[in-house]
Amino acid sequence: SMVTNEGGTTLGYSKSSGLQIIQVDGYAFKDLNRNNLLDQFEDWRVDFETRAASIVKEIPVEQMMGMKMNPFGSWRINPDTLDTIIKNSLDLGYRQLRAPRGGTADARTKVNWNNMTQEYIEGLDNIVCIPAVWIDDPRSGDVSSWPGNLGLAATFDPEIGAQYGRMMSEEWRAMGISMQVAAQMDLATEPRWRRIPGTFGEDPALSVDMARAIINGWQSTYDEEGNDLGWGKHSVNNQMKHWPGDGAAEGGRESHTRDGAYNVFPGGQFWTHTLPFAACMDLPGKTGTVTAAMTNYSIGIEADGSPVGGERLGTSYSPYKINQLLREKYGWDGYILTDFGILTSKNYGVENLNMVEKMLATLEAGCDAFGGEGRDGQKSIDLAMEAYKLGVEKLGETEMDEIMKKSTERMLRTHFNIGIVDNPYLNLEVAETVPNNAEHNAAGYQAHLKSIVMLKNSEGTIHKASLESEKSRVYIPRIFVAAT
């Protein structure tokens, strides 16, 4: 059911869920904590930062720990029912869920699945009602086709990147996806590194301009005249990654495996790699700053062989890289999700810690949520609660509770700013007509054309044919690439 406030926000809720609407000053509001009073976090007239800071006072620590879980979904997607796996995840407080992938679900399935999920959350009367958000990596198949980041950089035109962000965010929100685990803005300074196609290349200035334009386009909502409205119905939160830059891979080896655990800066260029990230903290549009970030796995090594920040630690465990550098030096207070698997196989520098100690160490360093964790349901929550208790023993209850509340507040800003808390429900007509539409594909095709770069045209081999008979046939050999 939709409730329209004249000159205000439209509320979406399920009448059968038990969630109530309350009226104050002639306006309607959702009673998220079922106390029949208008709390500050329920008031859509209040800014999203204040609402996020207000609601964390209501959330028990165990529910906060559930919100910090971010597993790949193992639930079965269908349009008619929720399986026990997704229900158990929602019962435990999981609220950042992996979106259904492109080829697995049609628009009706995605809409119904989202709406059933949000209705189920509204029916949970033992915890504060916080709608779920769907997050995803860059996707293909059910959205319009655009060049990847390196292709966008090859257009040398940030406005094309901005157009991509504006259009793709409309498509994502039509499907209910409101956070992108991107944009990747690592500087590609090591030519053997396998993740270069996901970057904007090796040029710091070009990477700065493309990253800013693209994230600005994703996060802002625009009216039909192209005016920037700031946060709105087409806005998607973006995670800049992989802080503080992962392109200086030792020997080109990738940090997903232990032989690639190091980023090395023999030229002393560590700070150069942070430039695109710093640029995205100062966006030209009304959203102002990128709202989220993902850490890299790597240990940084300075020109003299010493570790960046003085300790030989992967970024998710490094108080220097996060709390001192990102939080204090750059003054950025957004939501940080660790890259996936840092508690298990990619625990570089903290191999001697057990799982509970590693969970606490990431929170102490300044991270807010555990990427990829939570597949074990209640067992995952139990471990996280042990980490909380260890933190109380080590730091005292006041400081540990402040860490929990602040990290949860950062995460919840990315729920409130896009309007999901007030209306998490999807419209089937929008979901069927906006994603992968002809106008967006036409714009994407022009971007593809502009992204083509001629590396060499020896002796004018490629030239305009003067006669039809002169047109050459080009043979492209098949190549075999062994598994890596």
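To start, this report covers the structure provided alongside it.

The rules behind the values
- Throughout this description, residue numbers start from 1 for each chain and increase along the sequence as written.
- Where totals are concerned, whole chains, interfaces and linings use all residues; where local detail is concerned, this predicted model gives features only for residues with pLDDT of at least 70, and gives and counts side-chain atom pairs only at 80 or more.
- Where side-chain values are given, they derive from all heavy atoms of the structure, hydrogens and water being excluded.
- In this description a helix means any DSSP run of H or I spanning at least four residues, a strand means any run of E spanning at least two, and both kinds are numbered starting from the N terminus.
- Taken over C-alpha atoms, the radius of gyration is set against a globule rule of 2.2 Å times the number of residues to the power 0.38.
- Buried means the residue's accessible area, taken with a 1.4 Å probe over protein chains only, is under 20% of the maximum for its type, while exposed means over 50%, and partly exposed covers the values in between.
- Contacts were defined at the residue level, with two residues in contact if any of their heavy atoms lie within 4.5 Å.
- Computed by Shrake-Rupley with a 1.4 Å probe, the accessible areas treat only the displayed protein chains as cover when residues are assessed.
- The charge count treats Lys and Arg as positive and Asp and Glu as negative. His and the chain ends do not count.
- In this description, the location of a charge corresponds to atom NZ of lysine, CZ of arginine, CG of aspartate or CD of glutamate.
- For a helix, the expected span equals 1.5 Å multiplied by the residue count minus one.
- Polar contact is defined as a pair of N or O atoms within 3.5 Å, subject to the rule that within protein one atom must be able to donate a hydrogen and the other to accept it, and that residues adjacent in sequence are counted only when both atoms are side-chain atoms.
- Residues form patches when they are more than 30% accessible in relative terms and have no salt bridge. Like charges link within 9 Å. Nonpolar side chains (Val, Leu, Ile, Met, Phe, Trp, Tyr) link within 5 Å.
- Salt bridges are counted wherever a side-chain nitrogen of Lys or Arg sits within 4 Å of a carboxyl oxygen of Asp or Glu.
- The nonpolar core is taken to be a set of buried Ala, Val, Leu, Ile, Met, Phe, Trp, Tyr and Cys residues, with the residues joined through side-chain atoms within 4.5 Å.
- In this scheme, strands are said to pair when DSSP sees at least two bridges between them.
- Where helices are involved, their axes are fitted lines through C-alpha atoms of the stretch in contact, as for all axes, and angles between N-to-C directions lie from 0 to 180°.
- Aromatic pairs are defined between Phe, Tyr and Trp rings, using the six-membered ring for Trp, whenever the two ring centres lie within 6.5 Å; interplanar angles under 30 degrees are classed as stacked, those over 60 as edge-to-face, and all others as tilted.
- In this scheme, Lys NZ or Arg CZ marks a charge over a ring once it lies within 6 Å of the ring centre and within 35 degrees of the ring normal.

## Examining the overall build of the chain
Okay, step 1: Within the chain, the secondary structure is distributed over 15 helices and 16 strands.
Okay, step 2: Taken over C-alpha atoms, the radius of gyration comes to 23 Å for the chain, in line with the 23 Å a tight globule of 484 residues would show.
Okay, step 3: The C-alpha extent of the chain, read off along each of the three principal axes, is 80 × 55 × 40 Å.
Okay, step 4: Counting over 484 residues, the chain shows a buried share of 56%.
Okay, step 5: Relative to all contacts within the chain whose residues are 6 or more apart in sequence, the contacts with residues 24 or more apart total 73%.
Okay, step 6: Accessible surface, the chain as shown: approximately 21600 Å² in total, 50% of it carbon and sulfur.
Okay, step 7: One way to put it: in the chain the 46 positive side-chain charges average out to a point 5 Å from where the 65 negative ones average out.

## Points about the environment of Ala 213
Okay, step 1: Along the chain, Ala 213 turns up in helix H7 (residues 204–219).
Okay, step 2: Under the relative-accessibility criterion, Ala 213 is labelled buried at 14%.
Okay, step 3: When the C-alpha atoms of Ala 213 and Cys 280 are compared, they prove to be 8.7 Å apart, with 67 residues separating the residues in sequence.
Okay, step 4: When neighbours within four sequence positions are excluded, Ala 213 is seen to be in contact with Pro 158 and Ala 162.

## Examining H7
Okay, step 1: Relative to the 22 Å expected for 16 residues at 1.5 Å per residue, H7 spans 22 Å between its end C-alpha atoms, a close match to the ideal helical length.
Okay, step 2: The element H7 is extensively covered by neighbouring structure, given that 12 of its 16 residues are classed as buried.
Okay, step 3: What H7 keeps buried is the set Leu 206, Ser 207, Val 208, Met 210, Ala 211, Ala 213, Ile 214, Ile 215, Asn 216, Gly 217, Trp 218 and Gln 219.
Okay, step 4: With a side-chain oxygen positioned 2.8 Å from the backbone nitrogen of Ala 205, the residue opening H7 is Asp 203.

## Some thoughts on a nonpolar patch on the surface
Okay, step 1: A contiguous nonpolar patch, built from Phe 156, Val 453 and Leu 455 and spanning about 390 Å² of accessible area, is present on the exposed surface.
Okay, step 2: Here Leu 455 lies in the segment after helix H15 (438–451).

## Thoughts on the nonpolar core
A general trend in soluble globular proteins is that nonpolar side chains are found buried together.
Okay, step 1: In this structure, Ile 55, Met 185, Met 240 and Leu 412 are the most contacted members of the largest nonpolar core, which totals 114 residues.
Okay, step 2: Excluding its chain neighbours within four sequence positions, the residues that come into contact with Ile 55 are Phe 41, Val 128, Ile 130, Leu 412 and Phe 416.
Okay, step 3: Counting 5 residues, the second-largest nonpolar core is a separate cluster that includes Leu 11, Ile 22, Ala 28 and Phe 29.

## What about the pairing of strand S7 (residues 133–136)?
On any regular strand, side chains alternate: one points to one face of the sheet, the next to the other face.
Okay, step 1: Neither face of S7 is exposed, since Val 133 and Ile 135 on one face and Trp 134 and Asp 136 on the opposite face are all buried.
Okay, step 2: In this structure, strand S6 (residues 96–98) lies alongside S7, joined through 3 bridges in parallel fashion. The residue bridging Arg 98 from the neighbouring strand is Ile 135, located in S7.
Okay, step 3: Bridge count for S7 against strand S8 (residues 177–180) is 3 bridges, and the pairing is parallel. Following the sheet pairing, Asp 136 is matched in S8 by Gln 180.

## Examining the sheet that holds S7
Okay, step 1: Strands sit in the order S6-S7-S8-S11-S13-S15 across an open sheet of 6 strands; the sheet is parallel. Of all strands in the sheet, those bounded by a partner on one side alone are S6 and strand S15 (335–337). Within this sheet the neighbouring strands show an average axis-to-axis angle of 35°, counted without direction.

## Things to note about the packing of aromatic side chains
Okay, step 1: Inspection of the entire model under this criterion finds 11 aromatic pairs.
Okay, step 2: For the pair Phe 48 and Trp 231, a centre-to-centre distance of 6.3 Å together with 75° between the ring planes defines the contact as edge-to-face. Residue Phe 48 is located in helix H1 (residues 48–55), and its partner Trp 231 is located in the loop between strand S10 (228–230) and strand S11 (237–243); the two are separated by 183 residues in the primary sequence.
Okay, step 3: An aromatic cluster of at least three residues, connected via ring pairs, comprises Trp 146, Tyr 164, Trp 172 and Trp 218.
Okay, step 4: Positioned above the aromatic ring of Tyr 222, the side-chain terminus of Arg 166 is 5.6 Å from the ring centre.
Okay, step 5: Between the NZ or CZ atom of Lys 329 and the centre of the ring of Trp 271, over which it lies, the distance is 5.4 Å.

## Points about the environment of Val 308
Okay, step 1: When you line up the elements, Val 308 lands in the loop between strand S14 (299–301) and helix H10 (320–329).
Okay, step 2: The exposure class assigned to Val 308 is buried, which follows from its relative accessible area of 2%.
Okay, step 3: Put simply, Val 308 and Phe 265 are 43 residues apart on the chain and 9.4 Å apart in space, counted from C-alpha to C-alpha.
Okay, step 4: Sequence-distant contacts of Val 308, that is, excluding residues within four places in its chain, are made with Phe 265, Phe 270, Gly 300, Ile 301, Glu 302, Tyr 320 and Lys 321.

## A closer look at helix H4 (residues 107–122)
Helical periodicity: at 3.6 residues per turn, an α-helix aligns residues three or four positions apart in one direction.
Okay, step 1: With 16 residues, H4 should cover 22 Å at 1.5 Å per step; its first-to-last C-alpha distance of 23 Å lies within 8% of that length.
Okay, step 2: The element H4 is largely enclosed, with a buried count of 12 among its 16 residues.
Okay, step 3: Of the positions making up H4, those classed as buried are Ala 107, Thr 109, Lys 110, Val 111, Trp 113, Asn 114, Asn 115, Met 116, Thr 117, Gln 118, Ile 121 and Glu 122.

## Looking at the side chain of Glu 171
Okay, step 1: Following the sequence through the fold, Glu 171 ends up in helix H6 (residues 158–174).
Okay, step 2: Salt bridges are absent for the buried Glu 171, whose nearest opposite-charge side chain, Arg 139, sits at 8.3 Å.

So, to be careful, I would describe these as geometric facts and stop short of saying anything about function.
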